[in-house]
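These are the residues of each chain, in order.
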Amino acid sequence: MIRVDSITIKEFRGIRDLTLSLKGKNFAVCGPNGTGKSGVVDALEFALTGNVSRLSGEGKGEVSLKAHGPHVDRRDDPDKARVRVLITIPSLSKTVTIERSVKAPASPVITPSDQDVLDVLQHVKMHPEIVLSRRELINYVLATPGERAQEVQALLHLDRVEQVRSTLLKIANACDKQVAPQASNAKYTHDNLIRALEITELTNGKVLEAANTRRAILGLPALFELTESTSLKDGMSQPETSQASGVSKKQALADIQVTRESLTELGSDSTKALISGVVADLDVLAGDSAIEASVKLESFYSMGMGLVERESCPFCDDAWDLDKLRLHVQGKLDHLREVSLKRKAIEERLAPLASLLGMIADNLDSLTRQAQQMKASLVMEGTNGFSINCREISNRLTTILPLASVIQHLTNLSSVPDGIINAISSFETLVSALPEPTKQEGAREWLTIAQERLENWRESVRMYEILKERAKSARGVYDIYVTTSDKKLVGLYAAVERDFSSLYRFANRDDEDKFNAKMVPSMGKLGFDVDFYGRGFFPPGAYHSEGHQDSMGLCLYLALMRHIQGAGFTFAVLDDVLMSVDAGHRREVCTLLKTEFPDTQFVLTTHDQIWLRHMKTEGLLVGRSSVLFRNWCVDTGPSQWEEKDVWSEIDGHIERNDIRAASALLRHYLEYVSAELCHRLRAPVEYRGDVQYQLGELLPPAIAQMRTLFKRAKDAASSWNRRETLDMLSERETRFADLVKATKADAWQVNTSVHYNSWDSLGKEDFSPVVKAYRELLGSFTCLECGEYLRVSPDRETAESLRCDCGATNINLKKKP
Amino acid sequence: MAVVPSPEIDGKQDIPAQVFESFLLELESTGASSEMVARLRKTLLDDRIFTEGALKTAIFGEEMPQ
């Protein structure tokens, strides 16, 4: 996609004004904690995506890019907080400038703003994973399978795949749940229709026969077929009912009869026996608090198992491992199996009672409506409460909890209140008093009610068929989705698994050259087990050291990125990753990055200068491809160890007669440079296990080594009979000796703390010559052309030359054989 | 079945799009209505909307009761 050539950061996060020249190459930002490294990472992410992950998203509370992106002294002026990057897009061979301000992060100024450039930048924006922190890296390795799945899925944008799966499942489940109630409704309308038609079986022939009998009475032509649009009363004139009441006497009496029968069934001995048996069983459960609690728990677990379909707890939103959770809950359910069996048995016995109560409520409501049509609402008024109660209990009996409430409802149902029986009898009296319809009126009533109930039944069946079809369709879509996505993901993870194992083997080939890993995906989780020295496969955190785990995280990230972006993986920021990798493997990791990802520009941050050195010596970083932050303050932001700036700063302190500050800075800088010189010159230094070297322990060895190198170089030049070189070396050696003498630095070895501790007691006139002497001494360690400190090459084994990176200085150290 | 090139964005693989594409091809091969497949294709691949409402409409069509 892109490579970053330079970045300029102004008034952004902890940085006031900083420009880094990356030149499209690997680049390292090194410095102690709190010196502004992460500010550079934030600025890169902001410039490329318009966002800073650390300031947005879950758990960031009141912190935001808008409010806290600008430097703290510019928080009221977000327009001043700006980042500009110069990038190259290799695929387009174009160089592009992107400048964003915190005031308008979504409106960068892009030059040139060609469509192909915008397309690439949009793609970069969609891949914020180009920035990887150690926290994220560890998430890939040490997370639970569920959390890991989320991390990896987010990286691969598979969260969309999972989101679609869970939504399709939700749709399928919802559709399933709609089918059963509609089936009950279809049965109810079916029974109503049969009763109205006065037939025993609902077939086209029987319906037509019954209808044509009535149509013949009215002189209407016979119907020969029954289609979805056929009306039984086709051609019948108004009024449709002859009764002044608008109620069919015959049908009303039939409905009364059905209602009575259902009430009789409710009060029957068999129902009473059923109720008393269930109540007795429930009493047993309720009598033992432990059992009741178990019933509640079992019901809770069972319901939970049906509802668990998300990747996180709906209460606290903590992620969970779906399969592990299901196994765990199933274990509890198994433990409560006996209680479960009892509960299910009781609920099965309650099901017909619930259905009967629902039917009674429907029938009573129907009679009430007919009473209203007869302007006799009062007659049935007393049944209203009972009907509501029946319906409520019917709904409640789908579960046995809460036990006490269910027992109470069932006990009250043991007999039908007399008021209900009386109300129905009164209504029956009213209906019976209606005049008998004539044969024609009877036929007209029959056709009207039959048609109405036929339509109700048709609509109910139609809805049932639709819902059934929808449920089937939704389930089919879900099943196919699961099958195909599983297949695709298995292939994807297999490829990533191979690449990951290969990368890890490369980085750890000294002791794990037979390493392998297993990534086992399933919906909602990603199992990840790794081989531990041939002893079997275990979770990465089980036996491997932290350093190995860091290495695994990086390799997994690299494998995933290579799979996602392919040749487009040209840029990544590795923010303080691999901090715990041991020295031996750091070199291998550097080699891995250099050789396996030669087309990827890595920006690496670290607080560890030894790490930085490894990156350089292994060739991951070449030339001036790093910046070393020495400190940070809120007024100026990070400051770098840059030669020119350091001497100017020291001069400034002297100018202000602040010798204490000048001497402190000189000492600090000399400590840094001495360590660098010892490394470059391969100077023998007395080893310290705590790696806490004082200036007097580093600078004298560097000077001594330089003298040794001059001597070796002169010997080599003599053996090759190189007179000019010999003269040049003698001159440099003499000057070097004079400069050392001027500083008296080599005397420190005798007493390492005397000299620099006394600097801050010097006056301005006394300290200026000291600074001058050290500046010139350090200059004598550099290439006269490029100003870089000289280094011994190679950095291991027999020294062959003393040289710089520009090539202008290359002094032979090997004598003629 | 014809080989369908992997969906790509700016020349890079878009894995979710590949998953969706495979799903749609399989759905079509199992006899799902071409209208449904077209609606799902538009929702998943063109509009990239993954809400319950959008997917329900894509499966059942606008005219179906929700």
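Source: prediction; values computed, not measured.

## Remarks on the overall build of chain A
- The helix and strand inventory of chain A stands at 27 helices and 17 strands.
- A burial count over chain A gives 47% of its 817 residues as buried.
- The long-range share in chain A, meaning contacts at least 24 apart out of those at least 6 apart in sequence, stands at 69%.
- Only carbon and sulfur atoms are counted for the fraction: they give 51% of the accessible area of chain A, which is about 38,800 Å².

## Re the side chain of A:Lys249
- Looking at where A:Lys249 falls in the secondary structure, it is placed in helix α8 (residues 249-267).
- Discounting chain neighbours no more than four positions away, the residues touching A:Lys249 are A:Val431, A:Ser432, A:Leu434, A:Pro435, A:Glu436 and A:Glu445.

## Things to note about the packing of aromatic side chains
- Under the defined criterion, the tally for this structure stands at 18 aromatic pairs over all chains.
- Site record: aromatic cluster; members linked through ring pairs are A:Tyr481, B:Phe20, B:Phe23 and B:Phe50.
- It is A:Arg509 that lies over the ring of A:Phe506; its NZ or CZ is 4.5 Å from the centre.
- A cation sits over an aromatic face here: A:Lys518 above A:Phe537, 4.3 Å from the ring centre.

## Notes on a nonpolar patch on the surface
- Taken together, the side chains of A:Val72, A:Trp632 and A:Val634 define a hydrophobic patch exposed on the protein surface, amounting to about 240 Å² of accessible area.
- Along the chain, A:Val72 falls in the loop between α2 (65-68) and β4 (82-89).

## Considering the sheet that holds strand β2 (residues 15-21) of chain A
Residue and element names in this part refer to chain A.
- Read across the sheet, five strands follow the order β2-β1-β4-β5-β6 without closing on themselves; strand pairing throughout is antiparallel. Either end of the sheet is taken by a strand with one partner, and the two such strands are β2 and β6 (109-111). Taken pair by pair, the neighbouring strands of this sheet meet at an average axis angle of 10 degrees, ignoring direction.
- Where β4 and strand β5 (residues 94-101) come together, eight bridges link them in antiparallel fashion. Bridge assignment links Val83 to a residue of β5, and that residue is Arg100.
- Together, β1 (3-12), β2, β4 and β5 form the strand contacts of helix α1 (residues 37-49), whose direction differs from that of β1 by roughly 110 degrees.
- Here helix α3 (residues 115-125) sits on the sheet in contact with β4, β5 and β6, set at roughly 60 degrees to β5.

## Section: α1(A)
Residues and elements named next belong to chain A.
- With 13 residues, α1 ought to run about 18 Å at 1.5 Å a step, and its terminal C-alpha atoms sit 19 Å apart, in line with that.
- Within α1, 12 of the 13 residues are buried, leaving the element largely enclosed by the surrounding structure.
- Where α1 is concerned, the buried positions are Lys37, Gly39, Val40, Val41, Asp42, Ala43, Leu44, Glu45, Phe46, Ala47, Leu48 and Thr49.
- Positive backbone phi, at 80 degrees, marks Gly50, one or two positions downstream of α1.

## Let's talk about the packing of helix α17 (residues 439-507) of chain A against helix α1 (residues 15-29) of chain B
- At their nearest, the axes of α17(A) and α1(B) sit 9 Å apart, and the two run at 135 degrees to each other. One finds that α17(A) runs oblique with respect to α1(B). Our pair here, α17(A) against α1(B), has a crossing hand that is right-handed. Between α17(A) and α1(B), the contacting residues are A:Val477, A:Ile480, A:Tyr481, A:Thr484, A:Ser485, A:Lys488, A:Leu489 and A:Leu492 on the first element and B:Ile15, B:Gln18, B:Val19, B:Phe20, B:Ser22, B:Phe23, B:Glu26 and B:Leu27 on the second.
- Taken together, the residues that form the contact of α17(A) with α1(B) break down as 10 nonpolar, four polar and two charged.

## Focus: the pairing of β4(A)
Residues and elements named next belong to chain A.
- Where burial is concerned, the two faces of β4 differ: the one with Val83, Val85, Ile87 and Ile89 is buried and the one with Arg82, Arg84, Leu86 and Thr88 is not.
- Pairing geometry for β1 and β4, over seven bridges, is antiparallel. Looking across to β4, one finds that Arg3 is bridged to Thr88.
- In this structure, the hairpin formed by β4 and β5 is closed by a connection of four residues, where Ser93 is found at a positive phi of approximately 55 degrees.

## Notes on the pairing of β2(A)
All names here are of chain A.
- In this structure, β1 lies alongside β2, joined through six bridges in antiparallel fashion. Looking at β2, one finds that Ile9 is bridged to Leu18.
- The antiparallel hairpin formed by β1 and β2 contains two residues in its connecting segment, where Arg13 sits at a positive phi of about 50 degrees.

## Here we look at the interface of chain B and chain A
- With 28 residues of chain B in contact, the opposing surface of chain A contributes 33 residues.
- For the pair chain B and chain A, the summed buried area comes to about 2,800 Å², and 74% of that belongs to carbon and sulfur atoms.
- At the boundary of chain B and chain A, one finds one salt bridge.
- Residues A:Lys170 and B:Glu52 are paired through a salt bridge, measuring 3.4 Å at the closest nitrogen-oxygen approach.
- Where chain B meets chain A, there are two residue pairs in polar contact (both at pLDDT 80 or more).
- Of all elements in the fold, only β2 (12-13), α1, α2 (34-47) and α3 (52-60) of chain B reach the threshold of two or more residues within the side of chain B that touches chain A.
- Per element, the largest residue contribution to the side of chain B that touches chain A is nine residues, and it comes from α1(B).
- Among the residues forming the side of chain B that touches chain A, the class breakdown is 15 nonpolar, six polar and seven charged.

Cut-offs used in this document
- Residues numbered from 1 in each chain as written.
- Chains lettered and ligands numbered in written order.
- Predicted model: local features only at pLDDT ≥ 70, side-chain atom pairs only at ≥ 80, totals over all residues.
- Heavy atoms only, no water.
- Helix = DSSP H or I, 4+ residues; strand = E, 2+ residues; numbered from the N terminus.
- Buried < 20%, exposed > 50% of the residue type's maximum accessible area, 1.4 Å probe, protein only.
- Contact = heavy atoms within 4.5 Å.
- Areas by Shrake-Rupley, 256 points an atom, 1.4 Å probe, with all protein chains shown as cover.
- Phe/Tyr/Trp six-rings, centres within 6.5 Å; stacked < 30°, edge-to-face > 60°.
- Lys NZ or Arg CZ within 6 Å of the ring centre and 35° of its normal.
- Patch = residues over 30% accessible without salt bridge, like charges linked within 9 Å, V, L, I, M, F, W, Y side chains within 5 Å.
- Salt bridge = Lys/Arg side-chain N within 4 Å of Asp/Glu carboxyl O.
- Pairing = 2+ DSSP bridges.
- Axes fitted to C-alpha atoms, helices over the stretch in contact; angles between N-to-C directions.
- Expected span 1.5 Å × (residues − 1).
- Parallel < 35°, antiparallel > 145°, perpendicular 65-115°, else oblique.
- Left-handed = near helix turned anticlockwise from the far one by under 90°.
- Nonpolar A, V, L, I, M, F, W, Y, C, P; charged D, E, K, R; others polar.
- Buried area = accessible area lost by both parts, 1.4 Å probe.
- Polar contact = N/O pair within 3.5 Å; in protein donor to acceptor, adjacent residues only side chain to side chain.

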